[in-house]
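A closer look at the structure
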Amino acid sequence: MASDLASVTLFLAKIGGVALVVAALLTYPGWRSRAYVIQKSFFVRLLELMVFYGMVGILGFAFEVNMGNRFPQDWEFYAVTLSLFLVLGYPGFVYRYLLRRPKAVPARKLP
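For the coordinates displayed, the defined rule picks out six aromatic pairs. Their ring planes at 70° and their centres at 5.3 Å tell us that Phe11 and Phe63 sit as a pair that is edge-to-face. On the criterion of sequence distance, the pair formed by Phe11 in helix α1 (residues 5-32) and Phe63 in helix α2 (residues 42-67) is long-range, its members being 52 residues apart. Its relative accessible area of 13% is what places Phe11 among the buried residues. Using a relative accessible area of 35% as the deciding quantity, one classes Phe63 as partly exposed.

Here you go:
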């Protein structure tokens, strides 16, 4: 079990490093095509949702393993956590699609 200060600091540094790499990889494509109108299908958005759910699950699993032991989960655990993930993500959906105004300057379409 990792309980001393050095191992906890090392674990948090690893998690922070992975978070920075993931943030850079996820931010770059949007930054690069910021002048274009991006049309995503339902299936692409669903795939993004599942990838983010998996990333949050892996982060939780890493914290659990670092605390000492892993607890077994059945399908009920994953059904509840996916439901919570969707419910807690709803305010972001409301802001993105229902409250935010479109930009005044029309963007170019992808070639």
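In this structure, the second largest pocket occupies an estimated 290 Å³ of space. Surrounding the second largest pocket, 13 residues form its lining, Val56, Gly57, Phe61, Phe77 and Tyr78 being those nearest its centre. A per-element tally of the lining of the second largest pocket places α2 first, with seven residues. A per-class count over the lining of the second largest pocket returns six nonpolar, five polar and two charged.

Relative to each other, α2 and helix α3 (residues 75-99) sit at 125°, their axes nearing to 11 Å. Looking at the two axes, α2 sits oblique to α3. By crossing handedness, the relation of α2 to α3 is classed as right-handed. Every residue of α3 that contacts α2 at Arg45, Leu49, Met50, Phe52, Tyr53 and Val56 is listed here: Tyr78, Thr81, Leu82, Phe85, Leu86 and Tyr97. Here the contact of α2 with α3 is composed, by residue class, of 10 nonpolar, one polar and one charged.

Okay, the side chain of Glu64 next. Inspection of the secondary structure assignment puts Glu64 in helix α2. A residue is classified by how much of its surface remains accessible, and Glu64, at 14% relative accessible area, is buried. A distance of 3.1 Å separates a polar atom in the side chain of Glu64 from the backbone nitrogen of Phe71. The residues touching Glu64, leaving out its near neighbours within four places in the chain, are Asn69, Arg70, Phe71 and Gln73.

This part takes up the confidence of the model for the protein chain. Residues at a pLDDT of 70 or more form 87% of the protein chain, whose mean pLDDT is 82. Element-level mean pLDDT values for the protein chain span from 65 in strand β2 (residues 108-109) up to 87 in α3.

About the thresholds
Residues numbered from 1 in each chain as written. Predicted model: local features only at pLDDT ≥ 70, side-chain atom pairs only at ≥ 80, totals over all residues. Heavy atoms only, no water. Phe/Tyr/Trp six-rings, centres within 6.5 Å; stacked < 30°, edge-to-face > 60°. Helix = DSSP H or I, 4+ residues; strand = E, 2+ residues; numbered from the N terminus. Buried < 20%, exposed > 50% of the residue type's maximum accessible area, 1.4 Å probe, protein only. 1 Å grid on protein atoms, 1.4 Å probe; cavity = no way out; pocket = protein on both sides within 12 Å on 5 of 7 lines; lining within 4 Å. Points joined across faces, edges and corners; volume = space filled by probe spheres on them. Nonpolar A, V, L, I, M, F, W, Y, C, P; charged D, E, K, R; others polar. Axes fitted to C-alpha atoms, helices over the stretch in contact; angles between N-to-C directions. Parallel < 35°, antiparallel > 145°, perpendicular 65-115°, else oblique. Left-handed = near helix turned anticlockwise from the far one by under 90°. Contact = heavy atoms within 4.5 Å. Polar contact = N/O pair within 3.5 Å; in protein donor to acceptor, adjacent residues only side chain to side chain. pLDDT = per-residue confidence, 0-100.

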